Number of protein chains: 2
Amino acid sequence: MATEHIVSSYNDELVALAQAIAEMGGQVEVAIENGTKSLLKLDRELADVTIIADQRIDDMQRRIDDMAVSMIARRQPMASDLRAIVTAIHVASDLERVGDMAKQLARRSLKLEGMTLQPTFYNGVKNMTALVLRQIKDALDAYSNRDAAAAIEVCNRDDEVDAMHTSLFRELLTYMMEDPRNITACTHLLFCAKSLERIGDHATNIAERAYYLQTGKQLTSDDQDLLRTQIKI
Amino acid sequence: MATEHIVSSYNDELVALAQAIAEMGGQVEVAIENGTKSLLKLDRELADVTIIADQRIDDMQRRIDDMAVSMIARRQPMASDLRAIVTAIHVASDLERVGDMAKQLARRSLKLEGMTLQPTFYNGVKNMTALVLRQIKDALDAYSNRDAAAAIEVCNRDDEVDAMHTSLFRELLTYMMEDPRNITACTHLLFCAKSLERIGDHATNIAERAYYLQTGKQLTSDDQDLLRTQIKI
């Protein structure tokens, strides 16, 4: 009976860890949405909400880290359980950085206050946000469903994010050249685009971790190229 | 005797893990130096060296990750050993990202080829590189010497990096406004400055991990503010 009790409570801990990651993921998704909205509407209140939320996200990472280390120490997990716990540490670290990016979007919105921004400047940022939000959601789904195929799809789709970033970069540069008064605002938007591109990179990292969790193998860029070729063929 | 053998080989593994981190740290420092040099001299060959080195750095991270997970599985470490192993995972992850930043500096140098750059544009980048290189070195030293006080110093010095970044940002913006022909080149330099600032952030992360390794406590920003106040008083 004692063993059963231990096993059951160990499972509870593994479930609690997965739930903590899911909760953190949810908060990070909201932070990306709020960060971008604060930028598009120059909404100071929403920017403040996003900046404060980042502290909560940081705390969640510390809590997940502590949970994981304590589980490893007490439960001495083997094989797939150990993989799950180490993956949780990595995913929480990526989510924490995505929270930072959302905070940076919010901070840029505060810097843009009072500047004249033509609505067209924002189109690319809007489209990129939609794409990286989908990437984060899909990566977290691949992680929680332990779906290696879905994880590979997220990794492959990162090229789209990069292409969109490059095109937005060029577009913003032309606005700056057309009229020097656009330089400061467009420079801030360039950095917002970069933050979104990095959120895309973190989505890829999470997807790579999901792949590792399911297969026990690390996904290298060679593997990805190979898989991409296979999918194309 | 059997126990002694196990203990001794366990220690060997812990030493090997610390050495792997030190080796990775060394490679990352070289990558920052090469990445920046390739930028300042628009040296295509050095840029290529840095870009290729990043693959090696990525491989080192995977190897450290595998070593750590395998040690946890086989050795079932407790307390401070477990902390050392988990910290190694985190530090390797930060170093891998610093390698990415160095690669990005090298890539920017390829984009700047053929553009007219006044030497003054570079001064700020040069100074920032010197500062963040010192931050990475000091953070790695604090980590390998398990020196919590040195770790706090690195964290506090991050304000200097941020201040330098802000001033460089403004300076580059003025060059862009003075002459629209500077816009493209200076935009690339803005991103280089951002990469350097992020290297500084990773140095802080490593220092925070060094603090955790030594004290068993996570260093929050509140703690840092408190410590900073104490030092000032």
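Residues numbered from 1 in each chain as written. Chains lettered and ligands numbered in written order. Predicted model: local features only at pLDDT ≥ 70, side-chain atom pairs only at ≥ 80, totals over all residues. Heavy atoms only, no water.

### Examining the UniProt feature "domain: PhoU" (unreviewed entry) in chain A
All names here are of chain A.
Working step 1: Feature annotation in UniProt assigns "domain: PhoU" (unreviewed entry) to the following positions: residues 21-108 and 126-209.
Working step 2: Secondary structure over residues 21-108 splits into 93% helix and 0% strand, and the C-alpha atoms at its two ends are 27 Å apart.
Working step 3: Segment residues 126-209 splits into 92% helix and 0% strand. End C-alpha atoms: 28 Å apart. (UniProt positions renumbered as here; feature names shortened; annotations may be inferred. Helix = DSSP H or I, 4+ residues; strand = E, 2+ residues; numbered from the N terminus.)

### Thoughts on the relation of the copies chain B and chain A
Related by rotation about an axis and a shift along that axis, the two copies of the chain form a pair.
Working step 1: Rotating chain B by 180° about the axis while translating it 0.0 Å along that axis superimposes it on chain A, leaving an RMSD of 0.0 Å. The two molecules are tied by a two-fold rotation axis, judged by turn and shift. Looking at the rotation axis and the C-alpha trace of chain B, the residue lying nearest is Gln 76 of chain B, at 2.8 Å.
Working step 2: When the interface residues of chain B are mapped onto chain A, 95% of them again fall at the interface, so both copies present the same face. (Least-squares fit on C-alpha atoms with pLDDT ≥ 70 in both. Contact = heavy atoms within 4.5 Å.)

### Quick word on the interface of chain B and chain A
Interface extent is often summarised as the accessible area lost during association of the parts.
Working step 1: Opposite the 38 residues of chain B that make contact, chain A presents 36 residues.
Working step 2: Summing both sides of the interface, chain B and chain A together bury roughly 3,500 Å²; the carbon and sulfur share of this comes to 61%.
Working step 3: Taken as a group, Arg 62, Arg 97 and Phe 191 of chain B account for 16% of the area that chain B buries against chain A, more than any other trio of residues on that side.
Working step 4: At the surface where chain B touches chain A, the tally comes to four salt bridges.
Working step 5: Across the pair Arg 209 of chain B and Asp 65 of chain A runs a salt bridge whose closest N-O atoms are separated by 3.3 Å.
Working step 6: Linking chain B with chain A are eight residue pairs in polar contact (both at pLDDT 80 or more).
Working step 7: Elements with a minimum of two residues in the side of chain B that touches chain A: α2 (44-75), α3 (79-112), α5 (148-178) and α6 (183-215) of chain B.
Working step 8: Element by element, the count of residues in the side of chain B that touches chain A is highest for α6 of chain B, at 12 residues.
Working step 9: Residues of the side of chain B that touches chain A, tallied by class, amount to 17 nonpolar, 12 polar and nine charged. (Buried area = accessible area lost by both parts, 1.4 Å probe. Salt bridge = Lys/Arg side-chain N within 4 Å of Asp/Glu carboxyl O. Polar contact = N/O pair within 3.5 Å; in protein donor to acceptor, adjacent residues only side chain to side chain. Nonpolar A, V, L, I, M, F, W, Y, C, P; charged D, E, K, R; others polar.)

### A word on the pattern of salt bridges
Working step 1: For the coordinates displayed, the defined rule picks out 22 salt bridges over all chains.
Working step 2: Two residues, Asp 179 of chain A and Arg 181 of chain A, come together in a salt bridge whose shortest N-O distance is 2.8 Å.
Working step 3: A salt bridge links Arg 62 of chain B to Asp 59 of chain B; its shortest N-O distance comes to 2.9 Å. In this pair, Arg 62 of chain B and Asp 59 of chain B are both assigned in helix α2, three residues apart and thus about one turn of the helix distant.
Working step 4: Each of Glu 13, Arg 74 and Arg 75 of chain A takes part in salt bridges that share partners, so that together they form one network.

### Considering helix α5 (residues 148-178) of chain A
Working step 1: Look at α5 of chain A: 46 Å from first C-alpha to last across 31 residues, which is about the 45 Å you get at 1.5 Å a residue.
Working step 2: For α5 of chain A, the capping residue at the N-terminal end is Asp 147 of chain A, with a side-chain oxygen 3.2 Å from the backbone nitrogen of Ala 149 of chain A. (Expected span 1.5 Å × (residues − 1).)

### Side note on the environment of Ile 89 of chain B
Working step 1: Relative to the elements of secondary structure, Ile 89 of chain B occurs in helix α3.
Working step 2: Sequence separation between Ile 89 of chain B and Val 69 of chain B is 20 residues, and the spatial gap between their C-alpha atoms is 8.8 Å.
Working step 3: If we skip the residues at most four places from it in the chain, Ile 89 of chain B touches Val 86 and His 90 of chain A together with Asp 65 and Ala 68 of chain B.

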